[in-house]
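In case you want the letters, here they are:
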Protein chains: 2
Amino acid sequence: MIGPATYFTPEHRANLDDRTRTLIDRREAVLSPGYRLFYAHPVEFVRGSGTKLYTRDGEEFLDVYNNVPSVGHAHPRVTAAIAEQSSQLNTHTRYLHEGLVDYAELLLGSFPSALATLTLVCTGSEANDLALRVAKGATGNRGVIVTENAYHGVTTEIAAISPSLGGHDSLADWVRTVRPPVGDGAAMLQDARAAIAELQAAGHGVAALIVDTAFASDGFIAPSPATRAALAAVQQLVHDAGGLVIADEVQPGFGRLGTTASAPGLWGFARHDLDPDLVTIGKPMANGLPVAGLVARRDLMRAFGERVRYFNTFAGTPVSVAAARATWDVLHDERLPEHAAVVGAELRGMLDELATRHDRLRDVRGSGLYLGVDIVDRTAGEPDSPTAVRLVSALRERRILISASGRDNASLKLRPPLPFSSADAERFITELDAALHDLG
Amino acid sequence: MIGPATYFTPEHRANLDDRTRTLIDRREAVLSPGYRLFYAHPVEFVRGSGTKLYTRDGEEFLDVYNNVPSVGHAHPRVTAAIAEQSSQLNTHTRYLHEGLVDYAELLLGSFPSALATLTLVCTGSEANDLALRVAKGATGNRGVIVTENAYHGVTTEIAAISPSLGGHDSLADWVRTVRPPVGDGAAMLQDARAAIAELQAAGHGVAALIVDTAFASDGFIAPSPATRAALAAVQQLVHDAGGLVIADEVQPGFGRLGTTASAPGLWGFARHDLDPDLVTIGKPMANGLPVAGLVARRDLMRAFGERVRYFNTFAGTPVSVAAARATWDVLHDERLPEHAAVVGAELRGMLDELATRHDRLRDVRGSGLYLGVDIVDRTAGEPDSPTAVRLVSALRERRILISASGRDNASLKLRPPLPFSSADAERFITELDAALHDLG
């Protein structure tokens, strides 16, 4: 949950320059009041390149926040592919187009062979919504198990399984939550047993367990022998109850967690030894165009296709696929998953070192270029959301983009574009160090 | 409902050339079995321009089917806008970007002043899903009224209000259907009274009536004094029951119905004198990029924003907005809504004339470049789906793209890109005439 103070609110209006104030006034006159702007002092960007964003006045910001433009802002190869395909053709998947087939073959090659089919959609929300439709249809059950601070998207169905959006009161009555696999994982296993029993007793049965494989909104849980054992046991319980396992790779996927010899591949589920029946992917997939997907067992999708007519107008179009393909090619040609592992480890080391000098920093964790660090108060060592929010604002003034998140809104979340360099990491650490000093 | 015979099925595999067969085999090996290909003899396009699509071999097809590339395939101004913006920046709506504000101002200028706010999403399904979330939240009710063959999209929530997808058995228990406003509209009014009473008796109450303002899947119902009176009365009943009215403009909107002095503007709801609380828009909005939206009363969206955290990662990005803005500019600079009215009337006249010579054609209807015509058998005059399907296939061999649809799958649906010319209309009529002759 991102706290209100990292957003613009009207009391900050008087402090703005004329242009920003006018643009915000115009914006507020036409956009839904639900729209939020980052920062008390909002930023207007006009250009991006790699890990940098530039304002109208040419100020350069280092981007430690944006995970969507994963191969770098305005990457020239992705841009060229979009421009070229747009100038030729953009139809839909009911005509043949070789680009779609080429891409699906490449993508599926990175998954276990049982996950043999791709369905393209436009957003992570659509992917998770479809995954649940498939799971509910296949199992004949409706119960869904999520982790206790999960976020999976914004459709009606998916908001109803996302406690991080509106708390437990906002969940559908067929949803149960489990603690994430922290520590020895016993809590998750215990909760899963209870959740399954409750869903069965209520007549819902178990359709699916869905987990973000980085457990990001639940605090970034790294794989360990204990988490693997816990997740394997939970997976078995879900399967035994007739349910399916959905890995939500919308945020962790496509190499953000870093690829190494001991943790190969692009997907978080493999690190946890999960063996999902369905996998959802999205955000970084086309470096910013709306492209997402569902990778699933063929038998599940065959049964779904026989039962349900599903066509997604804007999904899998030649332009969407060209963008996804170029993003895929850059990711591999520039070895960004491997780079994410190396620079992510450097960055983590720098944060660990910084934490030895600032007792407000604690518990650096995560993998690759998807890291979290808690901000705590110096006396009690408790999560300190106001200070986290102040740091985010202070870093914005230092031209660093980052966010506060986590259940207590007291963690800094780091998820920069993957070309993030050692120099970028040093710049970030220098500014964070200074911002921490300024707190006094 | 599009009948199976307009899709490729395995028994047609032997008739294909090697390249097509190989590409289909590869495609079927990786895509979900739910994917469908048009035609027993599928088409592979590699280029498009205006109202034409071109195969790898350079065969030119006339497009009478595709409503998404509304200002013409690969329109150079839209292409250039996408290329330019992609090369600069593509972030999200939590930073300021003037393009979003400019576009929202332009777009809202085409709506009644009460519909004062825009929320951008990525697909028509997301737009309708969000509209229902807003309506359910605002009213505290969950009952939804739709027309009896309605189609509104594919999320879990929206599939459950779309009888055209899976029939009445597929609808949620809080959905009731009404007949569309045909004839004197009495049937719709009667059904609406019953639906409201039932929803209230069941404890659901009335959250919303949602209608496609072209009533396309219900057979294209043109506005008339009787339909206006019926819709006004139904709207009043819904409002009296505490419900809201949602106009689904995803297909009819942005000028497809043709703009004239007596039917000005871009939206279908105005023709029916509907006064919706929420309007959803999509398909042609960005000529093929995934852009859709919800235009709504400010009070509704303020209440929603206070209650619900809603952020759509890929919606309203600089590239999406640049594509939508260029599409908007072309639509107006090329006067395509006015053109659609003129050429649509010509095309309708030609179809009427053709119907005097072919007794299989009946009941030409619709508006602008969104027309339907029934295919009936010559003896009983009953809807004849097999013949409609044969015509679609015959026209494909004559390099004309069109579909069969309607509840009986016995209507030809015409919805070409809006630059469709008089010459295009003549070419279509010539080929349809010949195909009808060939039927014997």
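Everything below is about the structure printed above this text.
Remember, it's a predicted structure, so these values are computed and weren't measured experimentally.

**Here we look at the interface of chain B and chain A**
Interface size, as often reported, equals the accessible area lost upon joining of the parts. Facing 93 residues of chain B, the contacting portion of chain A comprises 95 residues. Between chain B and chain A, roughly 8300 Å² of surface is buried when both sides are summed, and carbon and sulfur atoms account for 57% of that area. For chain B, the biggest contributors to the area lost against chain A are Leu96, Arg309 and Phe314 of chain B; these three give 11% of the whole. Between the two partners, chain B and chain A, sit 48 residue pairs in polar contact (both at pLDDT 80 or more). Counting residues per element, the side of chain B that touches chain A draws most heavily on helix H1 (residues 18-30) of chain B, at nine residues. Residue classes in the side of chain B that touches chain A are distributed as 46 nonpolar, 27 polar and 20 charged.

**Quick word on the packing of aromatic side chains**
Each aromatic ring pair is characterised by the separation of its centres together with the angle its planes make. One pass over the full model with this rule turns up 26 aromatic pairs over all chains. Ring centres of Tyr103 of chain A and Trp328 of chain A lie 6.4 Å apart, and the angle between their planes is 85 degrees; on these two criteria the pair is classed as edge-to-face. Of this pair, Tyr103 of chain A sits in helix H3 (residues 98-108) while Trp328 of chain A sits in helix H11 (residues 318-333), and the two are 225 residues apart along the sequence. Exposure class is identical for Tyr103 of chain A and Trp328 of chain A. Each is buried. When the ring of Phe45 of chain B is compared with that of Phe61 of chain B, the centres are 5.2 Å apart and the planes differ by 85 degrees; the resulting orientation is edge-to-face. Of this pair, Phe45 of chain B sits in strand E1 (residues 45-49) while Phe61 of chain B sits in strand E3 (residues 60-63), and the two are 16 residues apart along the sequence. Note on Phe61 of chain B: relative accessible area 0%, which makes it buried. Ring-pair connections join several aromatic residues into one group, and the members of that group are Tyr7, Phe38, Tyr39, Phe45, Phe61 and Tyr65 of chain A together with Tyr95 of chain B. In this structure, Arg94 of chain A packs its charged tip against the face of Phe311 of chain A, placed 3.7 Å from the ring centre.

**Notes on empty space enclosed by the protein**
Tallied over the full model, the rule gives 12 cavities of 30 Å³ or more. Its boundaries defined by the atoms lining it, the largest cavity holds a volume of some 690 Å³. Along its surface, the largest cavity is lined by 40 residues, and Tyr151, Gln251, Lys283 and Arg415 of chain A together with Thr313 of chain B are the ones closest to its centre. Elements with a contribution of two residues or more to the lining of the largest cavity: helix H4 (124-139), helix H6 (163-166) and strand E14 (403-405) of chain A. Here the element with the most residues in the lining of the largest cavity is H4 of chain A; it accounts for three residues. Class assignment of the residues belonging to the lining of the largest cavity gives a composition of 14 nonpolar, 18 polar and eight charged. By volume, the second largest cavity amounts to about 530 Å³. Together, 34 residues line the second largest cavity, and Arg94 of chain A together with Tyr151, Gln251, Lys413 and Arg415 of chain B are the ones closest to its centre.

**A few points about the pairing of strand E3 (residues 60-63) of chain A**
Side-chain direction in a regular strand flips from residue to residue, so the side chains alternate between the two faces of the sheet. Residue and element names in this part refer to chain A. In terms of strand pairing, strand E2 (residues 52-55) meets E3 through three bridges, oriented antiparallel. Of the residues in E3, the one forming a bridge with Tyr54 is Glu60. Taken together, E2 and the strand that follows it, E3, pair antiparallel across an intervening segment of four residues, in which Gly58 is found at a positive phi of about 85 degrees. Note that E3 and strand E13 (residues 400-401) share two bridges and pair parallel. Across the sheet, Asp63 pairs through a bridge with Leu401, a residue of E13.

**Focus on helix H7 (residues 186-201) of chain B**
Since the α-helix turns once every 3.6 residues, residues separated by three or four places project in the same direction. All names here are of chain B. Taking 1.5 Å per residue, 16 residues should reach 22 Å; H7 reaches 23 Å between its end C-alpha atoms and fits that length. Inspection of H7 places Ala187, Met188, Leu189, Asp191, Ala192, Ala195, Ile196 and Leu199 among the buried residues, and these make up the whole buried set. Backbone geometry just downstream of H7 places Gly203 in the positive-phi region, at approximately 85 degrees.

**Examining helix H1 (residues 18-30) of chain A**
The end-to-end C-alpha separation of H1 of chain A is 19 Å, in line with the 18 Å expected for 13 residues at 1.5 Å each. Taken together, the buried positions of H1 of chain A are occupied by Thr20, Leu23, Ile24, Arg27 and Val30 of chain A. Along the axis of H1 of chain A, the buried positions cluster into a sector of 135 degrees, meaning they face one direction only. Buried residues in H1 of chain A make contact with helix H3 (98-108), strand E4 (117-121) and helix H10 (298-307) of chain B. Put simply, Asp17 of chain A is the residue that caps the front of H1 of chain A, since its side-chain oxygen is 3.2 Å from the backbone nitrogen of Arg19 of chain A.

Here is what the cut-offs are and how they apply
- Residues numbered from 1 in each chain as written.
- Chains lettered and ligands numbered in written order.
- Predicted model: local features only at pLDDT ≥ 70, side-chain atom pairs only at ≥ 80, totals over all residues.
- Heavy atoms only, no water.
- Contact = heavy atoms within 4.5 Å.
- Buried area = accessible area lost by both parts, 1.4 Å probe.
- Polar contact = N/O pair within 3.5 Å; in protein donor to acceptor, adjacent residues only side chain to side chain.
- Helix = DSSP H or I, 4+ residues; strand = E, 2+ residues; numbered from the N terminus.
- Nonpolar A, V, L, I, M, F, W, Y, C, P; charged D, E, K, R; others polar.
- Phe/Tyr/Trp six-rings, centres within 6.5 Å; stacked < 30°, edge-to-face > 60°.
- Buried < 20%, exposed > 50% of the residue type's maximum accessible area, 1.4 Å probe, protein only.
- Lys NZ or Arg CZ within 6 Å of the ring centre and 35° of its normal.
- 1 Å grid on protein atoms, 1.4 Å probe; cavity = no way out; pocket = protein on both sides within 12 Å on 5 of 7 lines; lining within 4 Å.
- Points joined across faces, edges and corners; volume = space filled by probe spheres on them.
- Pairing = 2+ DSSP bridges.
- Expected span 1.5 Å × (residues − 1).
- Arc of directions from axis to C-beta.

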